[in-house]
Amino acid sequence: MTKALLTALSGLSLLFSPLLHANWYEATGQAAIERGDLNSARKAAIEDALQRASLFAGARLQSQQQVIQGIMQHSQITLSSAAELKEVQLLSEVQSKNQVTITLKAHIVAEGKACQAQYRTPLLVSEIQLQARQDAISGQLFQLGSDSSRQLNRHLRDFAPALLVEPSPQPIPLQMLDQATADALFNRGHQFILIASINDLSLGKKLNKFWQSSQHERFFAFELWLYDTFERRVRYQQEYRTGSYWPTSDATPASHSMAFWQMPYGQKIDQVLRTAAQDIGQQLQCQPLLTQIRQVRQQQLQIPLGSNHGLRVGDQIQIIQLQRDPQDNQIRRLLHSPLQLLLTEVTPDGAWAASPSQQLLNHIQPGDIVSLAAN
């Protein structure tokens, strides 16, 4: 793969299937054609196809980005140093009125051994909050928060298969995540919470002459926070900005419709949501699963994680005893126990563990922590 081809890429959504031959990955992607610019759309499809192929090959694509007038731009895309892109073959290209679909196969050889995503990390996703409600008047985009949430959940399942995504039944404002709320969420098995908001939907300058159809720049700003309820802190925070043109003079489709997401503006928002899903997947990749012990009975202990999370009989777990300061409940001391326990029974949402040498568990209590580390 030449460096020149990697330099001009810029993103999109796709489907993935591994080929029969080792180290070959096939990917199909689509991108909107904006203002007849087929070359840019083609490059966008190629980049996202390579991103998906590299994701399943255990490699990573890294991008150097620049911001021009508030719009996020890709200036260069390269493979990480842990892998080598040997060859890319273009299999097909299909053009329609507003989009291009490209299928390719890539020969990717990972040079290092990454951790194996044996376990699925639970992720509770709060509905995206629409903060820019005044901006939403143009186009009546007042449901864009909930509609974007559904798109983001799809991309998390698509681009971050090692996550067990669960939409929150109600919004979780970041400012409400105090110590008590964080502890309660962790006790229910929600170590990681994804919170996001849309902060800008504003219109920019007019792009067309007065005798042409009215079009304006329209911006989109999206911010997310990945909150760790065990550590009671934000683990990751990022803002994403993009934009495209907006046909202000004509009726525009509602944000729940496929027509909206196929518009150039909807495509750019979808690209941001895909990028966010990939970033979250990378942040949580190979993170150990942490959960609380539910009960200790007859030298066995029970935890609220099971086969849905990738656990299997025979997996080894570690115990972390949790001691709270009697003067300040927020101060916790973690004591790593020398006990090595194995899972003896696994159900979809729970498991039992015991010591293979029949060691006593008298000092282990409900509320202590179990850690399962990825290989």
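Look up a bit, the structure's there.
Along each chain, residues carry numbers from 1 onward, in the same order as the chain's sequence is written. With pLDDT at 70 or above as the cut-off, local features in this predicted model cover only qualifying residues; side-chain atom pairs require 80 or more to be listed or tallied, and sums for whole chains, interfaces and linings still use all residues. Here the side-chain values reflect all heavy atoms present in the structure, with hydrogen atoms and water set aside.

J.: Just checking my understanding: could you explain empty space enclosed by the protein for this structure?
T.: Any space left empty among the atoms is revealed by the rolling of a water-sized probe across them. A pocket here means an open set of points on a 1 Å grid, computed over the protein atoms alone, that has protein on both sides within 12 Å along at least five of seven lines. A cavity is instead a set of points where a 1.4 Å probe fits but cannot get out; residues with an atom within 4 Å of a point line either one. Grid points are joined across faces, edges and corners, and a volume is the space filled by probe spheres set on the points. As enumerated under the stated definition, the model contains two cavities of 30 Å³ or more in all. Estimates place the volume of the second largest cavity at around 60 Å³. Looking at the second largest cavity, the residues that line it are Thr121, Pro122, Gly189, Gln191, Phe192, Leu289, Leu290, Thr291 and Leu305. Numbering goes from the N terminus for both helices and strands, where a helix is a DSSP run of H or I of at least four residues and a strand is a run of E of at least two. Counting only elements with at least two residues in the lining of the second largest cavity, the list comes to β7 (121–125) and β14 (289–292). Top element by residues in the lining of the second largest cavity is β14. It accounts for three residues.

J.: When you look at the pairing of strand β20 (residues 369–372) in this model, what are you seeing that I'm missing?
T.: Working note: regular strand, side chains alternate between the two faces of the sheet. Here the term buried applies to any residue with accessible area under 20% of the maximum for its type, exposed to any over 50%, and partly exposed to those in between, with areas from a 1.4 Å probe on protein chains only. In β20, alternate side chains face the same way, and those of Ile369 and Ser371 on one face and Val370 and Leu372 on the other are all buried. By this definition, two strands are paired if DSSP reports at least two bridges between them. Pairing of β14 with β20, which is carried by four bridges, proceeds in the antiparallel orientation. From the neighbouring strand, Gln292 faces β20, where its bridge partner is Ile369.

J.: Sorry if this is basic, but what is going on with the packing of aromatic side chains here?
T.: The geometry of an aromatic ring pair is captured by the separation of the ring centres together with the interplanar angle, meaning the angle of the planes. Any Phe, Tyr or Trp ring, taking Trp's six-membered ring, that has another such ring centre within 6.5 Å forms a pair; planes under 30 degrees apart are called stacked, those over 60 apart edge-to-face, and the others tilted. Enumeration according to the criterion identifies five aromatic pairs in this entry. Taking the centre distance of 6.1 Å and the plane angle of 40° together, the rings of Phe222 and Tyr240 count as tilted. Of this pair, Phe222 sits in strand β12 (residues 216–228) while Tyr240 sits in strand β13 (residues 233–246); the two residues are 18 residues apart in sequence, bridging distant segments of the chain. The class of Tyr240 is buried, set by a relative accessible area of 3%. Among the aromatic residues, ring-to-ring pairing joins Phe220, Phe222 and Tyr240 into one connected group. Here, over-ring charges are defined by two tests on the NZ atom of lysine or the CZ atom of arginine: distance to the ring centre within 6 Å, and angle to the ring normal within 35 degrees. Above the plane of the ring of Trp24 lies Lys105, whose end atom (NZ or CZ) is 5.2 Å from the centre.

J.: What's the story with the pattern of salt bridges in this structure? I'm lost.
T.: Where charged atoms from two side chains of opposite charge approach closely, those side chains can pair. Every case where a carboxyl oxygen of Asp or Glu lies within 4 Å of a side-chain nitrogen of Lys or Arg is listed as a salt bridge. One pass over the structure, following the stated rule, counts eight salt bridges. Close ionic contact of Asp183 with Arg232 constitutes a salt bridge, the shortest N to O distance being 3.0 Å. Of this pair, Asp183 sits in helix α4 (residues 179–187) while Arg232 sits in the loop between β12 and β13, and the two are 49 residues apart along the sequence. Across this residue pair, the class does not change: Asp183 and Arg232 are buried. A salt bridge links Asp200 to Arg241, with the shortest nitrogen-to-oxygen separation between them at 3.5 Å. Taken together, the positions of Asp200 in strand β10 (residues 192–200) and Arg241 in strand β13 put the pair 41 residues apart, joining distant regions of the chain.

J.: Mind showing me how you'd approach the pairing of β10 here?
T.: Among the nine residues that make up β10, eight are buried, leaving the element largely enclosed by the rest of the structure. Relative to β10, β7 is paired through three bridges, and the arrangement is parallel. From the neighbouring strand, Leu123 faces β10, where its bridge partner is Phe192. In this structure, strand β8 (residues 129–130) lies alongside β10, joined through two bridges in parallel fashion. Residue Gln129 lies in a different strand from β10, and its bridge partner there is Ser197.

J.: What is the right way to read the nonpolar core from this model?
T.: The tendency in soluble globular proteins is for nonpolar side chains to be buried as a group. In plain words, nonpolar cores are sets of buried Ala, Val, Leu, Ile, Met, Phe, Trp, Tyr and Cys residues tied together by side-chain atoms within 4.5 Å. The biggest cluster of nonpolar side chains holds 36 residues, and the ones touching the most others in it are Leu123, Leu156, Phe222 and Ile280. Those elements that place two or more of their residues in this core are β7, α3 (144–159), β9 (163–167), β10, β12, β13, α5 (258–262) and α6 (264–284). Ranked by residues supplied to this core, first place goes to α6 with eight residues. Judged by nonpolar contacts, the second largest core, of 18 residues, contains Ile303, Ile317, Leu339 and Ala353.

J.: I keep staring at unusual backbone geometry and nothing clicks. Help me out?
T.: Negative phi values dominate among residues other than glycine, just as trans dominates among peptide bonds. Even without a glycine there, the phi angle at Gln298 is positive, about 50°. In this fold, Gln298 is placed in the loop between β15 (295–297) and β16 (300–303). We classify Gln298 as exposed; its relative accessible area is 73%. Residues other than glycine seldom take positive phi values, yet Gln299 does so here, at roughly 60°. Tracing the backbone through its elements, the reader meets Gln299 in the loop between β15 and β16. Judged by relative accessible area, which is 28%, Gln299 ranks as partly exposed.

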